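Residue-level structural notes
As a plain string of letters, each chain reads:
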Amino acid sequence: MSGHEGQGGPVSGHEGQGGPVSGHEGQGGPVSGHEGQGGPVSGRNGRMRAHDGGPQPGPAAGGRATSAPIVGRAEEPTIFELSSPGRRAWSLRATGVPDWPAEELVPAEHLRPEPVEVAELSERDLVGHMTRLTHRQYSVDLGAYPLGSCTMKYNPKLCDEASALPGFTRVHPAAPEAVAQGWLGLLGELEGALCAITGMHAATLQPPAGASGELTGLLLMRAWHTERGNPRSKVVIPDSAHGTNPASVTLGGYETVTVPSDERGCVDLAALREVLDEEVAGIMLTNPNTLGLFEEDIVEIAAAVHEVGGLLYYDGANLNAILGVTRPGDMGFDIVHMNLHKTFAVPHGGGGPGAGPVAVSERLAPYLPGPRSVRDDSGAWRWETPARSIGRVHGWHGNALALVRAYAYIVACGGDGLRRVAEAAVLNANWIRHRLRGHYDVPYDRPCMHECVVAAQTLKRDRGVRALDVAKRLLDEGFHSPTVYFPLIVPEALMIEPTETESPETLAALAEAFIRIAEEAGEADAEAPRGTPVRRVDEARAARRLIPTFDARPPA
């Protein structure tokens, strides 16, 4: 990582040799935002150019383009446009392998009237297409990914290696307990570690993502209240809550009641007390909240909700900020969901799948999904379903290899290491907040936790540059954009979460990029990004006029 001249590293903000992403002059890498040698896509003066380099492809069989001259084009064809009838990415030598028609293998009522139309490519063209697509992407392995409230930290390769061990990958989830003791032991120990980290009594590892964990938590809340004679009808959320919270409340069969934030950016305690009654099943809170601020009144909030018989649900999206420092259970929470794909270095999204375990206090443990891995008196591990379980929330036992990654991360860090994770994440976010002060608005300018929220209100008023323009321009600087327009209570919000894995040099280059954008802000930013393989798209139109299919047939 290089903030100025030099050899550079994964991300280079100015001149230098550059790395995978280079913001200005330099040798560049797979994507270069400005001058340089460039890689498969170079924004300016590179050997291969995204907009005007390389010969145009010629026709292939059926009128489709060949793949050979595609590198260097501004637009990568779809896999169907590269398809040519009769091509295959595999072949079987004539070694006696039988060729059975589908009609002999599948009952007629289950057969399609016509074969599914699939792309037909050689292995070489298929690999070339997919590799070119990867060069057009950004990832945590390329550089800083300050996407607020998403904790896009670097994922240690040690965790990937652990999850690839044959002892894990070659076991079927339906294997008998006796031959899967290693797996059951890992799941049991991971549950114990997560409960120790959160201050909870027991947990389920089944939910395969954060949103699934949210719904599981709400179903546990409903089961608890139903057994007491009244499932209740309302769940309270703050106005700074994640968008998944009200969606999960609706899926759980509840009505959402929103409470405002006070001038400090925290839950307005007086407003909360006004909406609490015996129809409130609970409250969903993120602590620290999505402004990156710790809810200082959490003890009073917990007492108020418990006083009316409600439960406290902890959204673990921001758990990274408090690891080893404090625990949701100590704050009074009854249900805690965790995003292992955030806090515990399991890859996000396209690198997924995720995992969203849910931990609970002792009184809610009988309702957990089952089966869970527990140890019997002999020391052996076995499956056990809680007495009043709400049932499965996953077909098997969760996204198991994601759980292995998280277990490896926790063991590698240890308790002291997890605390250092939180401390570094908080330190990095506060450094960014201080550095950007005076260049951007800081609506809640006090010590934050793992992320800070700045705003482009002044830039919009004085120069016509919006938060979206800043985010798009940052792509030209060689960094992924932050979260924009969230939380909703901050106009022109830019939510920045640097995480603990970025070095001081990376943070300096990121801050300099933000400052440079503010200083140079003008009408031209409405056209950013200029050096990426895909220029600015009409996101509103894409959302409103979705075209989810591709018709490979040529027009009549």
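Look above for the structure.
What counts, and at which threshold
- Residues numbered from 1 in each chain as written.
- Predicted model: local features only at pLDDT ≥ 70, side-chain atom pairs only at ≥ 80, totals over all residues.
- Heavy atoms only, no water.
- Core = buried A, V, L, I, M, F, W, Y, C linked by side-chain atoms within 4.5 Å.
- Buried < 20%, exposed > 50% of the residue type's maximum accessible area, 1.4 Å probe, protein only.
- Helix = DSSP H or I, 4+ residues; strand = E, 2+ residues; numbered from the N terminus.
- Domains from an automatic or database assignment.
- Contact = heavy atoms within 4.5 Å.
- Pairing = 2+ DSSP bridges.
- Axes fitted to C-alpha atoms, helices over the stretch in contact; angles between N-to-C directions.
- Salt bridge = Lys/Arg side-chain N within 4 Å of Asp/Glu carboxyl O.

Our next topic: the nonpolar core. In this structure, Leu272, Ile301, Leu340 and Phe344 are the most contacted members of the largest nonpolar core, which totals 58 residues. With 12 residues, helix α12 (residues 400-436) is the largest single contributor of residues to this core. Residue assignment places this core across two domains, with domain 2 (177-412) and domain 3 (416-541) each supplying three or more. Those residues in contact with Phe344 that lie beyond four places of it in its chain are Leu194, Ile197, Leu319, Leu323, Asn339, Arg405, Ala406, Tyr409, Ile410 and Leu418.

Moving on: the sheet that holds strand β6 (residues 234-238). The strand order across the open sheet formed by seven strands is β5-β11-β10-β9-β8-β6-β7, and the pairing between neighbours is mixed. With one partner strand each, in any of the chains shown, β5 (202-204) and β7 (255-259) form the two edges of the open sheet. Strand-to-strand twist across the sheet, computed as the mean angle between neighbouring axes with direction ignored, equals 25°.

The next point concerns the environment of Pro498. The topology assignment puts Pro498 in the loop between β16 (493-496) and α15 (504-520). Between the C-alpha atom of Pro498 and that of Pro482, which follows or precedes it by 16 residues, the distance is 9.2 Å. For Pro498, the residues in contact, after removing those within four places along its chain, are Asn428, Ala429, Ile432, His450 and Leu507.

A few words now on the pattern of salt bridges. Here the idea is simple: oppositely charged side chains can pair when their charged atoms come close. This model, assessed by the stated rule, comprises 30 salt bridges. Linking Arg87 and Asp125 is a salt bridge whose minimum nitrogen-to-oxygen distance equals 3.8 Å. Pair noted here: Arg87 is in the loop between β4 (41-42) and α1 (102-105) and Asp125 is in helix α2 (residues 123-135), with a separation of 38 residues, a long-range link. The salt bridge involving Arg264 is made with Asp297; its shortest N-O contact spans 3.0 Å. Taken together, the residues span a long stretch of sequence, with Arg264 in the loop between β7 and α8 (269-275) and Asp297 in the loop between β8 (280-285) and α9 (298-307) at a distance of 33 residues. For Arg264, a relative accessible area of 24% corresponds to the partly exposed category. Residues joined in a network through salt bridges with shared partners are Asp262, Arg264, Glu296, Asp297 and Arg446.

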